[in-house]
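Structural overview for review
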Amino acid sequence: MDHVVVDDLDNSLQPAAVMRHLTDPLGCADLAINYYELAPGDSFAFAYHNHEVQEEVFVVLSGTATWVVGPEPAGSEDSADLVDPVDPGAPGERREVRVGPMEAIRVPPGQFQRGWNFGEDRVTALALGAPLAYGEQLKRDDCPACGDEVAVSIERASDDESELITVCGDCGAEVARWRRGDDGENERVR
Ligand SMILES: [Zn+2]
């Protein structure tokens, strides 16, 4: 048996004010579990993305989060039958799903999604993913240089290794940047 105090766990640099990994501290073998606190405007993820083999459940504890989700993948009820895991859907055709306090959603393997705090109140939530390894992860965001949605990757900023950036897969431009603020919480810089 393992026991942790969530508030004692390290804050990971993420697009959320606070994100504490519980997976390793609890010694989880087949489950990823993370605790999130999102300030207004924050996101659960660095980009609109999917997981090749991992299903994810988000439980909103307080506040209201909004997920932008792509098409339901074929075979989504059984990851073993997954046929087309990579269709992100056209930006105008994605659904928005509002998830209030003590509500939960499941995202099957393959489906693109990104959760946000579009509200004015802080969001607290748990994210659970299984199996622990998510396989390939495809990430997309709007590149200001290309003027289009592109594949992006997450990298350490070359000019400041303490900051994380997403980079356009087409032109190499920096798309977004996050850092640890003076108050100990994560913040988006651009
Ligand atoms: Zn670009």
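Above this note sits the structure.
Residues numbered from 1 in each chain as written. Predicted model: local features only at pLDDT ≥ 70, side-chain atom pairs only at ≥ 80, totals over all residues.

As a further point, take the overall build of the protein chain. Check the secondary structure of the protein chain and you find 1 helix and 14 strands. Taken against the 2.2 N^0.38 rule, which gives 16 Å for 190 residues, the C-alpha radius of gyration of the protein chain at 16 Å falls within 12% of a compact globule. Along the longest, intermediate and shortest principal axes, the C-alpha atoms of the protein chain span 45 × 40 × 30 Å. Across the 190 residues in the protein chain, those meeting the buried criterion constitute 31%. Long-range contacts, defined here as pairs at least 24 residues apart, represent 65% of the contacts in the protein chain between residues at least 6 apart. (Helix = DSSP H or I, 4+ residues; strand = E, 2+ residues; numbered from the N terminus. Rg over C-alpha atoms; globule rule 2.2 N^0.38 Å. Buried ≥ 20, exposed ≤ 12 C-beta atoms within 10 Å, placed from the backbone. Contact = placed C-beta atoms within 7 Å.)

Within the fold, G147 resides in the loop between β10 (137–143) and β11 (148–157). Spatially, the C-alpha atom of G147 lies 30 Å from that of S12, the residues being 135 residues apart in sequence.

If you walk across this open sheet you meet the 5 strands as β1-β2-β9-β4-β7, and the pairing is antiparallel. At either end of the open sheet lies a strand with only one pairing partner, and these are β1 (18–21) and β7 (103–107). On average, adjacent strands in this sheet sit at an angle of 20 degrees to one another, irrespective of strand direction. In this sheet, strand β9 (residues 123–130) lies alongside strand β2 (residues 32–38) in antiparallel orientation, the contact comprising 7 bridges. Counted as the bridge partner of N34 is A127 from β9. (Pairing = 2+ DSSP bridges. Axes fitted to C-alpha atoms, helices over the stretch in contact; angles between N-to-C directions.)

Moving on: the environment of V69. Among the structural elements, V69 can be located in strand β5 (residues 65–69). Taking the C-alpha atoms as reference, V69 lies 8.5 Å from G115; in sequence the two are 46 residues apart.

Before going further, it helps to examine unusual backbone geometry. With an omega of -5 degrees, the peptide bond between A130 and P131 qualifies as cis. Structurally, the position occupied by P131 is in the loop between β9 and β10. Of note in this structure, M102 is not a glycine but carries a positive phi near 60 degrees. In this fold, M102 is placed in the loop between β6 (95–99) and β7.

Mapped onto the elements of the fold, R94 is located in the loop between β5 and β6. The exposure class of R94 is partly exposed, given the 18 C-beta atoms found within 10 Å. Sequence separation between R94 and V68 is 26 residues, and the spatial gap between their C-alpha atoms is 6.4 Å. Discounting chain neighbours no more than four positions away, the residues touching R94 are V68, V69, G70 and G89.

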